[in-house]
Amino acid sequence: MAYRYLDHMTDAFIEVTGDTMEKAFENAGISVVDTIIDIKSVENKEERKIEIHEDDLKGLLYSWLEEIIILTVTDGFVGKTFNVKVTKNDKYHLVAKIIGEEINFEKHHFKMEIKSPTYHLMEIRDEKPVLMRFILDL
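Residues numbered from 1 in each chain as written. Predicted model: local features only at pLDDT ≥ 70, side-chain atom pairs only at ≥ 80, totals over all residues. Heavy atoms only, no water.

Q: Teacher, can you tell me more about the overall build of the protein here?
A: When helices and strands are counted, the protein shows 3 helices and 7 strands. For the protein, the N- to C-terminal ordering of α and β elements is β-β-α-β-α-β-β-α-β-β. Dimensions of the protein, computed from C-alpha atoms along their principal axes, come out at roughly 45 × 35 × 25 Å. For the protein, the proportion of its 138 residues judged to be buried stands at 50%. Here the analysis covers contacts within the protein between residues at least 6 apart in sequence; of these, 67% occur between residues at least 24 apart. Looking at the protein as shown, the accessible area adds up to about 7300 Å², and 48% of this sits on carbon and sulfur atoms. Charge-centre separation for the protein: the mean point of 18 positive side chains lies 4 Å from the mean point of 27 negative side chains. (Helix = DSSP H or I, 4+ residues; strand = E, 2+ residues; numbered from the N terminus. Buried < 20%, exposed > 50% of the residue type's maximum accessible area, 1.4 Å probe, protein only. Contact = heavy atoms within 4.5 Å. Areas by Shrake-Rupley, 256 points an atom, 1.4 Å probe, with all protein chains shown as cover. Lys, Arg positive; Asp, Glu negative; His and termini not counted. Charge placed at Lys NZ, Arg CZ, Asp CG, Glu CD.)

Q: Just to check I follow, could you spell out helix α2 (residues 57–74) for this structure?
A: Given 3.6 residues per helical turn, the α-helix brings residues three or four places apart onto the same face. Along its 18 residues, α2 runs 25 Å from first to last C-alpha, staying within 8% of the 26 Å computed at 1.5 Å per residue. Taken residue by residue, α2 has L57, G59, L60, L61, Y62, S63, W64, L65, I68, I69, L71 and T72 as its buried positions. Buried residues belonging to α2 abut α1 (21–36), β3 (46–54), β4 (77–88), β5 (92–102), β6 (116–125) and β7 (130–137). N-capping of α2 is provided by D56, with a side-chain oxygen placed 3.3 Å from the backbone N of K58. Positioned one or two residues after α2, G76 has a phi angle of 75°, which is positive. (Expected span 1.5 Å × (residues − 1). Polar contact = N/O pair within 3.5 Å; in protein donor to acceptor, adjacent residues only side chain to side chain.)

Q: Would you mind showing me how to read the pairing of β5 here?
A: The side chains of a regular strand alternate, residue by residue, between the two faces of the sheet. Among the 11 residues in β5, 8 count as buried, and that is most of the element. Bridge count between β3 and β5: 9 bridges; the pairing is antiparallel. Considered in β5, the bridge of E54 is made with Y92. Pairing geometry for β4 and β5, over 11 bridges, is antiparallel. Paired with F82 across the bridge in β5 is I98. (Pairing = 2+ DSSP bridges.)

Q: In this structure, what is going on with the nonpolar core? I would like to understand it.
A: One broad trend across soluble globular proteins is that nonpolar side chains are buried collectively. F25, L61, W64, L94, I98, F134 and L136 are the most contacted members of the largest nonpolar core, which totals 42 residues. Looking at this core, the elements with two or more residues in it are β2 (12–18), α1, β3, α2, β4, β5, β6 and β7. The biggest single contributor to this core is α2, with 9 residues. In this structure F134 touches A12, F13, I14, V16, A28, S31, L61, L65 and M122, once residues within four positions along its chain are discounted. (Core = buried A, V, L, I, M, F, W, Y, C linked by side-chain atoms within 4.5 Å.)

Q: Mind showing me how you'd approach the sheet that holds β7 here?
A: Strand pairing in a sheet relies on backbone hydrogen bonds, with the paired strands running either antiparallel or parallel. Spatially, the 4 strands line up as an open sheet ordered β1-β2-β7-β6, and their pairing is antiparallel. Edge positions in the sheet fall to β1 (3–6) and β6, since each of these pairs with one other strand and no more. For this sheet, the mean inter-axis angle between neighbouring strands, taken without regard to orientation, is 20°. Bridge count between β6 and β7: 6 bridges; the pairing is antiparallel. Bridge pairing in β7 places P117 opposite L136. Strands in contact with α2 are β6 and β7; relative to β6, the strand with the most contacts, it is inclined by about 135°. (Axes fitted to C-alpha atoms, helices over the stretch in contact; angles between N-to-C directions.)

No statement about biological role is implied by the geometric values presented.
The structure is reproduced here in structure tokens:
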């Protein structure tokens, strides 16, 4: 599995891995959606795009997690397939294509609500494989 839940008393503490930085970001997106609803019930019907610019990788991860939460909870769109491209010039730039469908709570089986990501205990190791750890405030 490309992500797993670590022990935490009150929040979702998630560890993701990926062969590349892009794959780790994709797996982080999947882990957020699967924390909110049952991702296995989602079909690939529509596409959405997210674009983010940040000064550092932790800021990029935080903004990415926040955008996935907003897309799911506020916009009512649940992603299943994530295609992420990360580049760096003077800033980090993330462009993502997310394929999924509008939320249907009868079909998608709501699990829990996420308030926001946090910087607390956030970690990114740019190694092989890339490892990310982050907390989602429930």
